[in-house]
Amino acid sequence: MLKVRDQRDKAAFSALFDHFAPRLKGMVMRSGASSAQAEDVVQEVMLKVWRKAHLFDPERAQVSAWIYQIARNQQTDHFRKNARPVPEALKTPEPPEPDVSHVIALEQEVQHLKRAMAALSPDQRQMVEQAYMGELSHSEISEATGLPLGTIKSRIRLALEKLRHDMKGARS
């Protein structure tokens, strides 16, 4: 460890790695981590040993105690990070299984809407389709058709009232 600390000796670090890596992995796995998680923790520990070698003081601790302390801290950090619950706002709820009766009711409502749309005058149907299916503003429809804005608004309002009336009858 002193060669790693004082000389940044890669061969000495390799020997440290070969000696401690399997022992650290076993320690981490005994605490409930999978093999892959344990390997991740060991990699992080040994990287910290290399980066923080200048902090090692043989007067304060043995090499093994120093490395095992880093390992315990890293293991704790790893488990905290990976066990962090996802905030409710970020959880994507499982979509509910479609209820057959709702699917059938929706299909019937769509069919009724298609019939109600077909019953509109061609001018009203065109305005509603452009406004709601074409996502055009009233001004954009006016520019595209050359009709006055008031006419566009009147046709859409009348068409929506007729559709609302026809759809109300379908739900009853």
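This is a predicted model, so every value here is computed, not measured. (Residues numbered from 1 in each chain as written. Predicted model: local features only at pLDDT ≥ 70, side-chain atom pairs only at ≥ 80, totals over all residues. Heavy atoms only, no water.)

**As for the overall build of the chain**
Which entries qualify depends on this criterion: Starting at the N terminus, helices and strands are each numbered in turn, a helix being any DSSP run of H or I of at least four residues and a strand any DSSP run of E of at least two. The rule is simple: take the accessible area with a 1.4 Å probe, protein chains only, and divide by the maximum for that residue type; under 20% is buried, over 50% is exposed, in between is partly exposed. Only heavy atoms enter the contact rule, under which two residues are in contact if any of them lie within 4.5 Å. Working definition of accessibility: Shrake-Rupley area with a 1.4 Å probe, residue cover restricted to the visible protein chains. Residues counted as positive are Lys and Arg, residues counted as negative are Asp and Glu, and His and the chain ends are not counted. For charged residues, the charge sits on one atom: NZ in Lys, CZ in Arg, CG in Asp, CD in Glu.
Of regular secondary structure, the chain possesses eight helices and zero strands. Going from the N terminus to the C terminus, the chain shows its helices and strands as α-α-α-α-α-α-α-α. For the chain, the C-alpha atoms occupy an extent of roughly 95 × 40 × 25 Å along the three principal directions. The 172 residues of the chain split such that 24% are buried. Considering only contacts in the chain between residues 6 or more positions apart, those separated by 24 or more positions represent 60%. Accessible surface, the chain as shown: approximately 12100 Å² in total, 54% of it carbon and sulfur. For the chain, the distance from the average position of its 26 positive side-chain charges to the average position of its 22 negative side-chain charges is 5 Å.

**A short note on helix α3 (residues 35-51)**
As a reminder, the rule being used: Here, expected helix span is obtained from the residue count minus one, scaled by 1.5 Å. This arc is built from the directions going out from the helix axis to the C-beta atoms.
Compared with the 24 Å implied by 1.5 Å per residue over 17 residues, the 24 Å span of α3 between its first and last C-alpha is a close match. Restricting attention to buried positions, one finds in α3 the residues A38, V41, V42, V45, M46 and V49. Along the axis of α3, the buried positions cluster into a sector of 130 degrees, meaning they face one direction only. Where α3 is buried, its residues touch α2 (10-30) and α4 (63-82).

**Section: the pattern of salt bridges**
Two side chains of opposite charge can pair, provided their charged atoms sit close to one another. Stated formally: Whenever Lys or Arg places a side-chain nitrogen within 4 Å of a carboxyl oxygen from Asp or Glu, that contact is recorded as a salt bridge.
Going through the model one piece at a time under the given rule, you end up with five salt bridges. Here R155 makes a salt bridge to D123, at a shortest N to O gap of 3.8 Å. With R155 in helix α8 (residues 149-171) and D123 in helix α6 (residues 122-133), the pair connects residues that are 32 residues apart, well separated along the chain. Judged by its relative accessible area of 22%, R155 falls in the partly exposed class. Among the residues examined, D123 registers a relative accessible area of 39% and is labelled partly exposed. Among the salt bridges present, the one from R157 reaches E161, with a minimum N-O distance of 3.5 Å. With R157 and E161 both in helix α8 and four residues apart, this pair spans about one turn of that helix.

**Things to note about the nonpolar core**
Generally speaking, a soluble globular protein has its nonpolar side chains buried in company with each other. So the rule is basically this: Residues grouped as a nonpolar core are buried Ala, Val, Leu, Ile, Met, Phe, Trp, Tyr and Cys residues, joined through side-chain atoms within 4.5 Å.
Within the largest apolar cluster, 23 residues are counted, with the highest numbers of intra-cluster contacts made by M1, L24, V45, M46, V49, W66 and I67. Among the elements that take part in this core, α2 stands out by supplying eight residues, more than any other. Not counting residues up to four positions away in its chain, the partners in contact with M46 are F13, L16, F17 and L24. Counting six residues, the second largest nonpolar core, distinct from the first, contains A116, M117, A159 and L163.

**Topic: the environment of W66**
Secondary-structure assignment places W66 in helix α4. Once the C-alpha coordinates of W66 and T151 are considered, the two residues, 85 residues apart in sequence, prove to be 83 Å apart.

**Remarks on the packing of aromatic side chains**
What counts, and what does not: Centres within 6.5 Å are what make two rings of Phe, Tyr or Trp a pair, Trp counting through its six-membered ring; a difference in plane orientation under 30 degrees is then read as stacked, over 60 as edge-to-face, and the rest as tilted.
All told, the structure shown has four aromatic pairs when counted by the stated rule. Grouping aromatic residues by their ring pairs yields a cluster made of F13, F17 and W50.

**Observations concerning the environment of G134**
Its location among the elements puts G134 in the loop between α6 and α7 (138-145). G134 gets classed as partly exposed once you look at its relative accessible area, which sits at 42%. Distance in space between the C-alpha atoms of G134 and A119 is 20 Å, their sequence separation being 15 residues.

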